[in-house]
Amino acid sequence: MKRNAFTLIELLVVIAIIAILAAILFPVFAQAKVSAKTTADISNGRQIGMAVKMYLTDYDDTMPIFYAYNSAPPGWQPGHKGVEVLLQPYCKNQNIFKSPFDIGGPYTSVDVPGSDSYWKAYGSSYRFTKCLYTVVAGESSTNNNPTTDNWVVQETQIEFPSDSRVMRSEMFPFFDKRIDINCEKYGYDCPSPWDYYKQWSPRGGIFIFADGSARHIVAPGQFDNARVNPEGKKSGEAHPTAGTWYWACD
């Protein structure tokens with residue numbers, strides 16, 4: 001007699017094989033997606049780095065004016081002040097300042113209701129290194145508050161351009177409180193209301209250097225050894241008043 005259906009055992013075997021294949025392939029697909037986003041992230045960084053170089057040629061090698069986290073008005077709205085606004089004419093594309101990993105953080109939606117990314121709230125997924133930009137008292141501002149600092153940075157002052165990070169991804173996985181114990185080193189994964197941390201990439205983030213290059217960074221040692229001021233002080237080095245040069249410049 002001809003059989004027209006599978007037995008229960010045969011169906012269970014097929015299901016088990018499919019489940020095994022899915023368990024093997026799904027992580028591969030996830031890793032491929034992260035790799036593709038990382039490549040796009042580095043490409044963004046490279047384009048921003050080139051925009052900085054073009055800006056310098058028009059402004060006698062003087063670095064752009066520093067701004068950070070200005071949300072009144074939010075990013076890319078009329079009147080918003082940010083380094084990315086000064087660089088945008090040289091790249092003609094607002095979206096290169098948006099990391100493909102940027103999913104915001106606990107504070108962005110509080111500071112700018114309805115925002116789901118640092119790019120939307122503040123204009124950029126990439127944090128600009130204060131000590132490597134020109135700071136103008138009363139004009140430069142952070143969190144909508146004008147600064148009282150005042151200095152000019154020119155490209156020729158930067159001693160180690162290929163090691164000096166002028167920008168970086170906003171989030172790195174080692175900002176997690178399980179690594180940054182008590183929120184002392186990086187100040188992101190802190191108790192409410194100063195909780196800024198949200199994991200973007202499981203691998204790391206990018207640096208954009210003063211020579212225009214961009215690299216993917218995965219380890220806290222790489223982060224701490226990057227230079228963050230014209231003289232070449234390293235992020236993790238002791239600072240006379242701020243604790244480390246990270247806290248003084250980043």
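The structure displayed is predicted, hence computed values, not measured ones.

1. Quick look at the sheet that holds strand β6 (residues 205-209)
Here four strands make up an open sheet; going across it, the order is β2-β5-β6-β7 and the pairing antiparallel. Each having just a single partner strand, β2 (126-128) and β7 (214-217) make up the two edges of the open sheet. With strand direction ignored, the average angle separating the axes of adjacent strands in the sheet is 25°. Relative to strand β5 (residues 165-169), β2 is paired through three bridges, and the arrangement is antiparallel.

2. Considerations on the nonpolar core
Counting residues in each nonpolar core, the largest one holds 29 residues, and the members touching the most others are Ile48, Leu87, Phe97, Tyr133, Val166 and Met167. If you list the elements that add at least two residues to this core, you get α1 (8-58), α2 (83-91), β2, β5 and β6. It is α1 that contributes the most residues to this core, five residues altogether. If near-sequence neighbours (up to four positions away) are discounted, Val166 is found in contact with Met63, Arg127, Phe128, Thr129, Leu132, Tyr133, Ile208, Phe209 and Ala210.

3. Quick notes on α2
Along α2, the residues classified as buried are Val83, Glu84, Leu87, Tyr90 and Cys91. Looking straight down α2, one finds its buried side chains confined to an arc of 105°; they lie on one side. Of the residues flanking the end of α2, it is Lys92, one or two places downstream, whose phi is positive at about 60°.

4. Overview of the sheet that holds strand β4 (residues 145-146)
Strand order in the open sheet formed by three strands is β1-β3-β4, and the pairing between neighbours is mixed. Unpaired on one side and paired on the other, β1 (67-68) and β4 mark the two borders of the sheet. By the bridge criterion, two bridges tie strand β3 (residues 141-142) to β4 in an arrangement that is antiparallel. In the sheet register, Thr142 faces β4, and the bridge partner there is Asn145.

5. What about the pairing of β7?
Regular strands place their side chains on alternate faces of the sheet. Sheet topology note: the β6/β7 ladder contains four bridges and is antiparallel. Bridging across to β7, Phe207 finds its partner in Arg215. The turn linking β6 back onto β7 is made up of four residues, and Gly212 within it adopts a positive phi angle of 95°.

6. Description of the pattern of salt bridges
Under the criterion given, the structure shown has seven salt bridges. Between Glu155 and Lys53 there is a salt bridge, with the nearest N and O atoms lying 2.3 Å from each other. With a gap of 102 residues between them, Glu155 in the loop between β4 and β5 and Lys53 in helix α1 connect regions that are remote in the sequence. Of the charged contacts, one joins Asp176 and Arg178 as a salt bridge, the two residues approaching to 3.0 Å between their closest N and O atoms. A relative accessible area of 10% means that Asp176 is categorised as buried. Given the relative accessible area of 68%, Arg178 is considered exposed. Each of Arg165, Arg168 and Asp250 takes part in salt bridges that share partners, so that together they form one network.

7. Digging into the state of the cysteines
All chains considered together, the criterion is met by two disulfides. The side chain of Cys131 participates in a disulfide bridge whose partner is Cys249; the two sulfur atoms lie 2.0 Å from each other. Here the disulfide of Cys131 and Cys249 is left-handed, its torsion about the S-S bond being about -80°. A residue pair is termed long-range when its members are at least 10 positions apart, and Cys131 in the loop between β2 and β3 and Cys249 in helix α6 (residues 245-249) qualify at 118 residues. Note on cysteine connectivity: Cys183 is disulfide-linked to Cys190, with sulfurs 1.7 Å apart. Across the pair, exposure class does not vary: Cys183 and Cys190 are buried alike.

8. Overview of the side chain of Asp180
With respect to the helices and strands, Asp180 occurs in the loop between β5 and β6. Notably, Asp180 is buried but unbridged: the nearest opposite-charge side chain belongs to Lys185, and the N-O separation is 7.2 Å. At a separation of 3.4 Å, a polar atom in the side chain of Asp180 contacts the main-chain amide nitrogen of Gly187. Among all residues touching Asp180, those that are not within four sequence positions of it are Phe174, Phe175, Lys185, Tyr186 and Gly187.

Criteria and cut-off values
- Residues numbered from 1 in each chain as written.
- Predicted model: local features only at pLDDT ≥ 70, side-chain atom pairs only at ≥ 80, totals over all residues.
- Heavy atoms only, no water.
- Pairing = 2+ DSSP bridges.
- Helix = DSSP H or I, 4+ residues; strand = E, 2+ residues; numbered from the N terminus.
- Axes fitted to C-alpha atoms, helices over the stretch in contact; angles between N-to-C directions.
- Core = buried A, V, L, I, M, F, W, Y, C linked by side-chain atoms within 4.5 Å.
- Buried < 20%, exposed > 50% of the residue type's maximum accessible area, 1.4 Å probe, protein only.
- Contact = heavy atoms within 4.5 Å.
- Arc of directions from axis to C-beta.
- Salt bridge = Lys/Arg side-chain N within 4 Å of Asp/Glu carboxyl O.
- Disulfide = S-S within 2.5 Å.
- Lys, Arg positive; Asp, Glu negative; His and termini not counted.
- Polar contact = N/O pair within 3.5 Å; in protein donor to acceptor, adjacent residues only side chain to side chain.

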